[in-house]
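Structural description and commentary
Letter by letter, the chains look like this.
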Amino acid sequence: MILKLLMKSLIYPRFSRMKDTISIGLLGGLIGAVFMDISNLLIFKAGKTETLYGYIAGGLFVTPFRTKQRKNFILGELAHLGIGSIWGILLTYILKKTGKDHHLVKGSFISILSLGCLICGQKFGVVKKFRLTKTFYSAIWNHIVYGLVSAQAIVSLSDPTIFPSDNDEQHATTIPNP
């Protein structure tokens, strides 16, 4: 059902647009988190990072050495996707408040903010710290992928009337009503 709605929105942009802010944010954030996980998995397979985000998020529930178990990794992956969806709601409200112009820049801002929260979580001992510098570079890249993809998904899935447009404000001030 969700995939069908997504395909309709991307293929036929004038049809099946969503108007509910929370639903748009959840779905856009989920799509961004999935792409972030794909990017993280590819970088992990290439040996350029030391861990996957399922292991990091699993550390919120169990001790870090137990995240190697399949059931705990799945729990961590579900938590990561949920956290990504929540960040998508925040991004949707930012876009709703400020407009969808430069949405990719705003998505990058949210992604760097979420990376900052991850690093603060490491400093306070909530999640396991990264040991290697290349993992931090990988995290920066993966979070930027999240921000770009989720911002684009949110704008693509949403009805144009949800976000204010700068053009509407300019026309309202420059063109007098007859």
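Quantities reported herein were computed from a predicted structural model and do not represent experimental measurements.

The rules behind each value
- Positions within a chain are numbered from 1, following the residues in the order the chain's sequence is written.
- The model is predicted, so local features are restricted to residues of pLDDT at least 70 and side-chain atom pairs to those at 80 or more, both for listing and for counting; the totals for chains, interfaces and linings are taken over all residues.
- Water and hydrogen atoms were dropped before computing side-chain values, which therefore reflect all heavy atoms in the structure.
- Elements are defined by DSSP. Helices are runs of H or I of four residues or more, strands are runs of E of two residues or more, and each kind is numbered from the N terminus.
- Under this definition, polar contacts are N or O atom pairs within 3.5 Å; protein pairs additionally need one hydrogen-donor-capable and one acceptor-capable atom, and for neighbouring residues in sequence, both atoms have to be side-chain atoms.
- By the convention used here, residues are in contact when the closest approach between their heavy atoms is within 4.5 Å.
- Any pair of Phe, Tyr and Trp rings, taking the six-membered ring for Trp, is counted once the centres come within 6.5 Å. Such a pair is stacked with planes under 30 degrees apart, edge-to-face with planes over 60 apart, and tilted for the rest.
- Burial classes follow relative accessibility: with a 1.4 Å probe on protein chains only, a residue under 20% of its type's maximum area counts as buried, one over 50% as exposed, and anything between as partly exposed.
- Both a distance and an angle decide whether a charge sits over a ring: NZ of Lys or CZ of Arg must be within 6 Å of the ring centre and within 35 degrees of the ring normal.
- Per residue, pLDDT captures the predictor's confidence, and it can take any value from 0 to 100.
- The definition used for a disulfide is geometric: two cysteine sulfur atoms within 2.5 Å.

1. A word on the side chain of threonine 21
With respect to the helices and strands, the residue threonine 21 is situated in helix α2 (residues 21-45). One polar contact links threonine 21 to lysine 96, side chain to side chain, over a distance of 3.0 Å. Excluding residues within four positions of it along the chain, threonine 21 makes contact with Thr92, Tyr93 and Lys96.

2. A closer look at the packing of aromatic side chains
As enumerated under the stated definition, the model contains 2 aromatic pairs in all. Residues tyrosine 55 and phenylalanine 73 carry aromatic rings whose centres are separated by 4.7 Å and whose planes lie at 55° to one another, so their mutual orientation is tilted. Highlighted residues: tyrosine 55 in helix α3 (residues 53-58) and phenylalanine 73 in helix α4 (residues 70-98), separated in sequence by 18 residues. The class of phenylalanine 73 is partly exposed, set by a relative accessible area of 22%. An angle of 75° between the planes, with centres 5.0 Å apart, marks the rings of phenylalanine 130 and phenylalanine 136 as edge-to-face. For phenylalanine 130, a relative accessible area of 10% corresponds to the buried category. For phenylalanine 136, a relative accessible area of 30% puts it in the partly exposed group. Its guanidinium or amino end placed over the ring of tyrosine 55, lysine 68 lies 4.3 Å from that ring's centre, counting from NZ or CZ.

3. With respect to the confidence of the model for the chain
Here the chain averages 86 in pLDDT, while 83% of its residues score no lower than 70. Mean pLDDT across the elements of the chain bottoms out in helix α7 (residues 166-174) (51) and peaks in α2 (96).

4. Considerations on the side chain of serine 150
Looking at where serine 150 falls in the secondary structure, it is placed in helix α6 (residues 133-157). Given the relative accessible area of 0%, serine 150 is considered buried. Polar contacts involving the side chain of serine 150 include one to the main-chain carbonyl oxygen of tyrosine 146, which spans 2.7 Å. With residues up to four places along the chain from it excluded, the contact list for serine 150 reads Gly28, Gly29, Gly32 and Leu91.

5. Let's talk about the state of the cysteines
As enumerated under the stated definition, the model contains 0 disulfides in all. Cysteine cysteine 120 remains unbridged, with the sulfur of cysteine 117 as its closest cysteine sulfur at 6.4 Å.

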